[in-house]
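Structural overview
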Amino acid sequence: MPDFHSLSLPINGALFTVGALLVWFAGTKLSKYVDLFADRTGIGQAFAGALLLGGATSLPELATTLTASYSDAVEMAGTNLLGGVVMQVAVLAVIDAFIVRGQPLTLFSPKSSLLMVGIMLILLVALATAAIGSGELFSIAGIGAWPVGLFAAYVLSLWIIYRYEGNPRWEPRGEIAQPPETARDLKDAHHAAYREVSTRRLVGYFAIASMLVLIGGYVVAKTASVIADQSGIGQGFIGATLVALATSLPEVSTTYSAVRFGAYSMAVANILGTNGMEIALFLPAEIAYRDGLIFDAMQPSAAFLGSMGIIVTSLYLWGILERRDKQVFGMGVDSLAVLLVYAGGMAIYWTL
């Protein structure tokens, strides 16, 4: 890969755009492949969105985190992960406002398993916030206890989600909103186009699309980091905003695509599952960072990002649980609340 620091700002901007387009194209393919795979295997959209889509679309975050940590930009690595949690929930609100028509997004997602995914995410973010506040407790061979514990908690949460979705203890009551006819028609047409494709080949397509997301996400993240240096803006704020936005492009594209063909539960699970993966990435960040322990190197202000992540996730769980059909400015009340919290929170974080 070239030395992006030796390139001019316009060239880095052009490379950023190319990488973003690659991420968008491959990301839209990923959601289609995972939806087909979930239908064929019966593993459930919430689990498929949390594990398969969440894992694949976290590849840019993994590349960015490892690169930043190895380059001693540990503050950017940490704020990118926590800022990404907040950013990606805001993605749901934007999609609710501009893509979903007629009724709020959470009205189309009447699955109790999504509440379980969200609760597990809140637990993970709360643990990460506690780690920032306390600092590292102890370490072995340069690996702190907190990152290991966070990764173990993430794996445990996946097992709990999978077990619960296979045997939910309760189901929502009341009228179940159906996807618009255009979305169902689009999904049916998409499945018909892949009817003759074997599951093995489908897995191969998924792997290729994932690799393209990784390559595009790496270029996007590297150029965004260099653009931040060339513009003179602080590392922590850039990590929580520009880099978080850049590495969230796969989530934007896959969520947009999933909503277009009516896989609303997968769209929500994709975002919540990806955010859980964000917290698990503190372990590879710890391994890559060799000048100390990552939670000892992070600024206390990063805990504010964790708190914001808990707030915006709780707002969406409220929306899923209450399932109101009221819209404000073309979006659900929960989505509007998320956008207001995000805008206000980023303004406060700028002052920190």
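Everything discussed here concerns the structure shown above.
Residues numbered from 1 in each chain as written. Predicted model: local features only at pLDDT ≥ 70, side-chain atom pairs only at ≥ 80, totals over all residues. Heavy atoms only, no water.

**Examining the side chain of Thr223**
Our working definition: A run of H or I in DSSP counts as a helix once it spans at least four residues, and a run of E counts as a strand once it spans at least two, with each numbered from the N terminus. Definition of a polar contact: a pair of N or O atoms within 3.5 Å, with one able to donate and the other able to accept a hydrogen when the atoms are protein atoms, and with sequence-neighbouring residues admitted only if both atoms are side-chain atoms.
As for its position among the elements, Thr223 is in helix α8 (residues 199-231). From its side chain, Thr223 meets the backbone oxygen of Val219 in a polar contact 2.7 Å long.

**Quick look at unusual backbone geometry**
Formally: Only protein chains enter the accessibility calculation, which uses a 1.4 Å probe; a residue is then buried when its area is under 20% of its type maximum, exposed when over 50%, and partly exposed in between.
Despite not being glycine, Ala141 has its phi angle at roughly 55°, a positive value. For Ala141, the location among the structural elements is in the loop between β1 (139-140) and β2 (143-144). Look at Ala141 and you get exposed, because its relative accessible area is 72%.

**A few points about a nonpolar patch on the surface**
Spelled out, the test is: Only residues whose relative accessible area exceeds 30% and that form no salt bridge enter a patch; like-charged residues are grouped when within 9 Å of one another, and nonpolar side chains (Val, Leu, Ile, Met, Phe, Trp, Tyr) when within 5 Å. Here, Shrake-Rupley sampling with a 1.4 Å probe gives the accessible areas, and only protein chains in the shown set may cover a residue. A side-chain nitrogen of Lys or Arg and a carboxyl oxygen of Asp or Glu constitute a salt bridge if their distance falls within 4 Å.
There is a patch of nonpolar side chains on the surface, built from Val94, Phe98 and Ile99 and spanning about 270 Å² of accessible area. With respect to the element layout, Phe98 can be found in helix α4 (residues 74-98). Using a relative accessible area of 59% as the deciding quantity, one classes Phe98 as exposed.

**A short note on the packing of α4 against helix α15 (residues 333-351)**
The criterion, for reference: The axes used here are C-alpha line fits, helices contributing only the stretch in contact, and every angle between their N-to-C directions lies in the interval 0 to 180 degrees. By definition, any crossing whose near helix is turned counterclockwise from its far helix by less than a right angle is left-handed, and any crossing with a clockwise turn is right-handed. The contact criterion used is simple: two residues touch if any of their non-hydrogen atoms lie within 4.5 Å. Gly is placed with the polar residues, together with every amino acid not listed as nonpolar (Ala, Val, Leu, Ile, Met, Phe, Trp, Tyr, Cys and Pro) or charged (Asp, Glu, Lys and Arg).
The interhelical angle for the contact between α4 and α15, taken along N-to-C directions, is 145°, at an axis separation of 8 Å. Where α4 crosses over α15, the handedness of that crossing is left-handed. From α4, Thr79, Val86, Met87, Val89, Ala90, Ala93, Val94 and Asp96 reach across to α15, where they touch Asp334, Ser335, Val338, Leu339, Tyr342 and Tyr349. Partitioning the contact of α4 with α15 into residue classes produces 10 nonpolar, 2 polar and 2 charged.

**Observations regarding the side chain of Ser210**
Relative to the helices and strands, Ser210 is located in helix α8. Within the local environment of Ser210, its side chain forms a polar contact with the backbone oxygen of Phe206, the two atoms lying 2.8 Å apart.

**Description of the nonpolar core**
Definition in use: The criterion is simple. A nonpolar core is a set of buried Ala, Val, Leu, Ile, Met, Phe, Trp, Tyr and Cys residues joined through side-chain atoms within 4.5 Å.
Membership of the largest hydrophobic core comes to 69 residues, with the highest contact counts inside it found for Leu82, Ile279, Phe282, Phe295 and Met298. Broken down by element, the residue count for this core peaks at 12 residues, all from α4. Contacts of Phe295, omitting those with residues within four sequence positions, involve Ala128, Ala131, Ile132, Gly135, Glu136, Trp146, Pro147, Leu150 and Phe282. Counting 13 residues, the second largest nonpolar core, distinct from the first, contains Val23, Ala77, Val243 and Ala246.

**Side note on α4**
Threshold: Multiplying 1.5 Å by the residue count of a helix minus one yields the expected span of that helix.
Look at α4: 35 Å from first C-alpha to last across 25 residues, which is about the 36 Å you get at 1.5 Å a residue. Burial analysis of α4 places 22 of its 25 residues in the buried class, the great majority of the element.

**Let's talk about the layout of surface pockets**
Summary: where empty space remains is shown by rolling a probe the size of a single water molecule over the atoms. Our working definition: Buriedness for pockets is judged along seven lines, at least five of which must meet protein on both sides within 12 Å for an open set on the 1 Å grid over protein atoms alone, while cavities are sets there where a 1.4 Å probe fits but cannot get out, and lining residues have an atom within 4 Å of a point. Grid points are joined across faces, edges and corners, and a volume is the space filled by probe spheres set on the points.
Considered as a void within the structure, the largest pocket measures approximately 210 Å³ in volume. The wall of the largest pocket is formed by 14 residues, among which Ala68, Ala73, Met76, Lys222 and Ser225 lie closest to the centre. Elements that contribute at least two residues to the lining of the largest pocket include exactly α3 (59-70), α8 and α9 (235-247). Top element by residues in the lining of the largest pocket is α8. It accounts for 5 residues. Partitioned by chemical class, the residues of the lining of the largest pocket number 6 nonpolar, 6 polar and 2 charged.

As far as function goes, none of this settles anything; it's purely spatial.
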